[in-house]
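Here is what each chain is made of, one letter per residue.
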Amino acid sequence: LQESGSEGDTTSGNGDYYPDWETSDTCVNDGNEPAYMSANPEAWLHATLESCCRVNFLWDYNNCIMSGGGEMAARLLYNHYITQTGATF
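Below is a summary of the structure that appears in this document. (Residues numbered from 1 in each chain as written. Predicted model: local features only at pLDDT ≥ 70, side-chain atom pairs only at ≥ 80, totals over all residues. Heavy atoms only, no water.)

**Focus on the side chain of Asp20**
Move 1: Considering the arrangement of structural elements, one finds Asp20 in strand 1 (residues 18-20).
Move 2: It turns out Asp20 is buried and unbridged, and the closest side chain with the opposite charge, Arg54, is 20 Å from it.
Move 3: Beyond its immediate stretch of four places on either side in the chain, Asp20 contacts Asp25, Thr26, Val28 and Phe57. (Helix = DSSP H or I, 4+ residues; strand = E, 2+ residues; numbered from the N terminus. Buried < 20%, exposed > 50% of the residue type's maximum accessible area, 1.4 Å probe, protein only. Lys, Arg positive; Asp, Glu negative; His and termini not counted. Salt bridge = Lys/Arg side-chain N within 4 Å of Asp/Glu carboxyl O. Contact = heavy atoms within 4.5 Å.)

**Some details on the state of the cysteines**
Move 1: Following the criterion strictly, the structure yields two disulfides and no others.
Move 2: Across the disulfide, Cys27 is cross-linked to Cys52 (sulfur-sulfur distance 2.1 Å). In this structure, the disulfide formed by Cys27 and Cys52 twists by about -85° around the S-S bond and is classed as left-handed. Here Cys27 is found in strand 2 (residues 26-28), whereas its partner Cys52 is found in helix 3 (residues 49-56), with 25 residues between them in sequence. Summarising the burial analysis for this pair, Cys27 and Cys52 share the class buried.
Move 3: Here Cys53 connects covalently by a disulfide to Cys64, the sulfurs 2.0 Å from one another. Because the torsion about its S-S bond is -75°, the bridge between Cys53 and Cys64 counts as left-handed. Of this pair, Cys53 sits in helix 3 while Cys64 sits in helix 4 (residues 61-85), placing them 11 residues apart in sequence. The burial state of Cys53 is the same as that of Cys64; both residues are buried.
Move 4: Looking at the protein, its bonded cysteines, counted consecutively from the start of the sequence, adopt the pairing 1-2, 3-4. (Disulfide = S-S within 2.5 Å.)

**What about the packing of aromatic side chains?**
Given two aromatic rings, their pairing is described by the distance between the two centres and the angle made by the two planes.
Move 1: Taken as a whole and assessed by the stated rule, the structure comprises four aromatic pairs.
Move 2: For the pair Trp21 and Trp44, a centre-to-centre distance of 5.7 Å together with 85° between the ring planes defines the contact as edge-to-face. Of the two residues, Trp21 is situated in the loop between strand 1 and strand 2 and Trp44 in helix 2 (residues 41-44); the sequence distance between them amounts to 23 residues.
Move 3: By relative accessible area, which is 37% here, Trp21 ends up partly exposed.
Move 4: Judged by relative accessible area, Trp44 falls into the partly exposed class, the value being 22%.
Move 5: An aromatic cluster of three or more residues is present, and its members are Trp21, Tyr36, Trp44, Phe57 and Trp59. (Phe/Tyr/Trp six-rings, centres within 6.5 Å; stacked < 30°, edge-to-face > 60°.)

**Here's the deal with the nonpolar core**
Move 1: Core analysis: the largest hydrophobic core is formed by eight residues, namely Tyr17, Cys27, Leu49, Cys52, Cys53, Phe57, Cys64 and Ile65.
Move 2: Among the elements of the structure, helix 3 and helix 4 are those that each provide at least two residues to this core.
Move 3: For Phe57, the contacting residues outside a window of four places in its chain are Pro19, Asp20, Trp21, Asp25, Thr26, Cys27, Cys52 and Cys64. (Core = buried A, V, L, I, M, F, W, Y, C linked by side-chain atoms within 4.5 Å.)

By themselves these figures say nothing about function.
See the structure below:
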């Protein structure tokens, strides 16, 4: 099980996040990961949405976060942007 270790990670009690390339192109935690992922959890399963998106969808990280986490992920992404850029609105 991979941990991201960054502040603000979204966690869920529904299980570990895994990449869902077949139906959603995001990370999900519905407990329906393929058998090969369950057999090798250190490589595929993540405690947080952010960690899963970072490892498996870095090329489309923002969409992975938005698709996989809804409103909470949008707030985290916004806060991260503000923190990184120092932008004010």
